[in-house]
Amino acid sequence: MIKYCRRCVMPETKPDLYIDGAGICSACTSFQARQNVDWAQRRAELGELLDRYGSRDGSNYDCLIPVSGGKDSTYQVLRILELGRNPLCVTATTDKLSAIGRRNIENLKNLGVDYIEVTTNPVVRRRINRFALTEVGDISWPEHVTIFTVPVRIAVQMGIRLIVWGENPQHEYGGPAAAAEGNSLDRRWLEEFGGLLGLRVSDLIGQDGTESRHLIQYTYPLDEELRRVGVTGIFLGYYMPWDGYGNALYSQAHGFETYHKPVEGSLVNYENLDNVQTGIHDYFKFLKYGFGRATDLACLHIRRERLRRDEAIRLIRRHDGSFPWRYLGTPIEEVLDEIDMSLDEFVRVCDRFTNKKLFLCDARGELIKDRHGNLTKVNYDNADSEDPLPASEPSWAG
Ligand SMILES: [Zn+2]
C-alpha cells in the first residue's frame, strides 16, 4: 500500500518527503508555517540585500536572474524591475525548446532587460539525454545541471554578486528541514538536493565519445572563484509568498502565453511549456515514485483551498502518469528519434525503472497495462480515507 499525506495527496514515496505521526507531510507543514511569516519584514530584507549586492555606480548589473520565460521567471523579472533594479537575465536552453517556449522568452526580453542565452552543443546534449535516461531514468538530467551551472558561471565571469532564483523547491514540494530553512543555493545544495540522482558530470566522460571539453557549461565554478567574486544566491520565494498560479496570472497580464489546453499529464495550461521532453521526464517520476505532475499541481491547489482533496484524487486518476504519447502536441516518436531510441527500447527502459510495488501486476509479476500502455497504481488514497481531515481555515494571505 502507498501511504499518502492526509491533507494533500502526496505519497510518502516522494524523495525527501516526510509524513509525520498525524499523517501530514513536510510540504504541508512547511506551507502552514508561512502564515507566521512577517512578509513586510522579509521584503525589507530583500531591499537591503539588493542594496548591499547591487551595483553602486551602475557600471554592472544589480543581480542575475536565471530565466526560462516561464510563469515564475517572468514574475521574478517583473518584481525585480518594479523594485527599480537592473537585472541580467540568463537562460540555459532547454533540452528540446518548444515554439511557445521561444515566444515566452521573447516576451520576457521585451519586459525590458538585457539577456544572455547559452545553448550547449545539441549533438552532445542528445547523447547525454539518452545516457541519463538509460542510466538514471531521467532524460532531463543535463537540463537540470545547466539550469544551475550556466547562470552561476556567468555571474562569476561578469562579476555579478547576487543571483535571484525563484522558489526553493525544498519549501513547498517538501524536503529535509535543514534545506527548507535555507534561503540560498550553493554547490552543496545542488549536489544534495538538485536532483542529480547520483550521476556526476565527470561520469559522462568517455560515454559515447563525450570528452571533458564538451562539458564546460555543465561544470560548476570552483569555490575559490565564487569566493573571489563573492557570488551569493537567494530564493525570491523566501521574501515573497510564492504561488505559481498567482505568478501565472501576473505574468499573463504582461504577455506570458499559456497553452491552448491543459498540458498532457498535467492539470493546467500555464507551466512546463518550454521543453518537449518534459512528458518523458514526468512519466519516469511516476514510474519510480507513483506520482506525476498532476499530483504536484493538485497538492499546490489543495493547500491553497482551490481544490478539494476528494476532487483532486479523481482528477489525478484521470491525468497522472498516462503514457507520454504526446507532449505539447509533439509525438513521442519524434522526441525519441532525436536521441536515437526506438519506442520498443523506450518501453524496456520504462519497465526497468518502474517500481513494481506501486503498480498492479499479474500472477507472474508482470506489469498490467491497458491498451494505451497505462499502468494502474495499487491504491490512490489511504485505506482509512473515509476519515479525511477537515479542511483548514482559508489562508489567502499566505
Ligand atoms: Zn501534504
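Above: the structure in question.
Just so it is clear, the structure is predicted and the values come from calculations on it, not from any experiment. (Residues numbered from 1 in each chain as written. Predicted model: local features only at pLDDT ≥ 70, side-chain atom pairs only at ≥ 80, totals over all residues. Heavy atoms only, no water.)

Caption draft 1: Spatial organisation of the overall build of the protein. Per the secondary structure count, the protein includes 17 helices and 7 strands. A buried classification covers 54% of the 398 residues belonging to the protein. Considering only contacts in the protein between residues 6 or more positions apart, those separated by 24 or more positions represent 73%. As presented, the protein carries roughly 18000 Å² of accessible surface, and 49% of it is formed by carbon and sulfur atoms. (Helix = DSSP H or I, 4+ residues; strand = E, 2+ residues; numbered from the N terminus. Buried < 20%, exposed > 50% of the residue type's maximum accessible area, 1.4 Å probe, protein only. Contact = heavy atoms within 4.5 Å. Areas by Shrake-Rupley, 256 points an atom, 1.4 Å probe, with all protein chains shown as cover.)

Caption draft 2: Representation of unusual backbone geometry. Despite not being glycine, Asp 16 shows a phi value in the positive range, around 70°. Checked against the element boundaries, Asp 16 lands in the segment before helix H1 (26–33). Of note, Asp 340 is a non-glycine position whose phi angle comes to about 60°, a positive value. Topologically, Asp 340 is positioned in the loop between helix H16 (332–338) and helix H17 (343–353).

Caption draft 3: Up close: the coordination of the zinc ion. Protein coordination at the zinc ion: the donors are Cys 5 (SG), Cys 8 (SG), Cys 25 (SG) and Cys 28 (SG), at 2.3 Å from the metal. The exposure class assigned to Cys 25 is buried, which follows from its relative accessible area of 0%. (Donors = N, O, S within 2.8 Å, 3.2 Å for Na, K, Ca; no water.)

Caption draft 4: Broad picture of the packing of helix H5 (residues 122–136) against helix H6 (residues 141–158). Look at H5 against H6: their axes get within 8 Å of each other, and the N-to-C directions meet at 115°. Here H5 contributes Arg 125, Ile 128, Asn 129, Ala 132 and Val 136 to the contact with H6, which in turn contributes Trp 141, Pro 142, Glu 143 and Thr 146. The class makeup of the residues in the contact of H5 with H6 is 5 nonpolar, 2 polar and 2 charged. (Axes fitted to C-alpha atoms, helices over the stretch in contact; angles between N-to-C directions. Nonpolar A, V, L, I, M, F, W, Y, C, P; charged D, E, K, R; others polar.)

Caption draft 5: Layout of the packing of helix H3 (residues 71–82) against helix H12 (residues 244–252). It is the contact of H3 with H12, at a shortest axis distance of 8 Å, that shows an interaxial angle of 65°. Classified by the angle their axes make, H3 and H12 are roughly perpendicular. As H3 packs across H12, the resulting crossing turns out to be left-handed. Side by side, H3 and H12 meet where Lys 71, Asp 72, Thr 74, Tyr 75, Leu 78, Arg 79 and Glu 82 of the first sit next to Gly 244, Asn 247, Ala 248, Tyr 250 and Ser 251 of the second. Its residues placed into classes, the contact of H3 with H12 shows 4 nonpolar, 4 polar and 4 charged. (Parallel < 35°, antiparallel > 145°, perpendicular 65-115°, else oblique. Left-handed = near helix turned anticlockwise from the far one by under 90°.)

Caption draft 6: How the structure looks around the packing of aromatic side chains. Enumeration over the complete set of coordinates arrives at 11 aromatic pairs. Ring plane angle 45° and centroid distance 5.6 Å describe the contact between Tyr 245 and Tyr 270, whose orientation is recorded as tilted. Taken together, the residues Tyr 245 in helix H12 and Tyr 270 in the loop between H12 and helix H13 (278–289) connect sequence positions 25 residues apart. The class for Tyr 245 is partly exposed, based on a relative accessible area of 33%. Among the aromatic side chains, those forming a connected cluster through ring pairs are Tyr 283, Phe 284, Phe 323, Trp 325, Phe 346 and Phe 353. We note Arg 42 situated over the ring of Tyr 238; from NZ or CZ to the ring centre the distance is 3.8 Å. Sitting above the plane of the Tyr 250 ring, Arg 79 keeps its charged end 4.3 Å from the centroid. (Phe/Tyr/Trp six-rings, centres within 6.5 Å; stacked < 30°, edge-to-face > 60°. Lys NZ or Arg CZ within 6 Å of the ring centre and 35° of its normal.)

Caption draft 7: Inspection of the pattern of salt bridges at higher detail. For the coordinates displayed, the defined rule picks out 23 salt bridges. As a salt-bridge pair, Lys 369 and Asp 351 come within 2.9 Å of each other at their nearest N and O atoms. Here Lys 369, found in the segment after H17, pairs with Asp 351, found in helix H17; they are 18 residues apart in sequence, far enough to count as distant. On the basis of relative accessible area, Lys 369 is assigned to the partly exposed category, the value being 35%. With a relative accessible area of 31%, Asp 351 lands in the partly exposed category. Bridged by salt links that share partners, the residues Lys 71, Asp 72, Glu 271, Lys 285, Arg 293 and Asp 296 form one connected network. (Salt bridge = Lys/Arg side-chain N within 4 Å of Asp/Glu carboxyl O.)

Caption draft 8: Quick peek at the environment of Thr 210. In this fold, Thr 210 is placed in the loop between helix H9 (187–193) and helix H10 (223–229). With 83 residues separating them in the primary sequence, Thr 210 and Arg 127 have C-alpha atoms 8.3 Å apart. Thr 210 has contacts with Val 124, Arg 127, Leu 204, Ile 205 and Leu 215, leaving out every residue within four places of it along the chain.

Caption draft 9: Inspection of a nonpolar patch on the surface at higher detail. On the surface, a nonpolar cluster with roughly 210 Å² of combined accessible area is contributed by Leu 360, Ile 368 and Val 378. Summarising the element assignment, Val 378 is placed in the segment after H17. (Patch = residues over 30% accessible without salt bridge, like charges linked within 9 Å, V, L, I, M, F, W, Y side chains within 5 Å.)

Caption draft 10: Region of interest: the pairing of strand S2 (residues 87–92). Taken across its 6 residues, S2 has 6 buried, putting it largely inside the fold. Burial along S2 is two-sided: Pro 87, Cys 89 and Thr 91 facing one way and Leu 88, Val 90 and Ala 92 facing the other are all buried. Pairing of strand S1 (residues 63–66) with S2 involves 4 bridges; the strand directions are parallel. The partner of Ile 65 across the bridge, within S2, is Cys 89. With H3 bridging S1 and its parallel neighbour S2, the resulting β-α-β unit is right-handed. Pairing of S2 with strand S3 (residues 114–118), which is carried by 5 bridges, proceeds in the parallel orientation. (Pairing = 2+ DSSP bridges. Right-handed = clockwise from strand over helix to strand, strands pointing away.)

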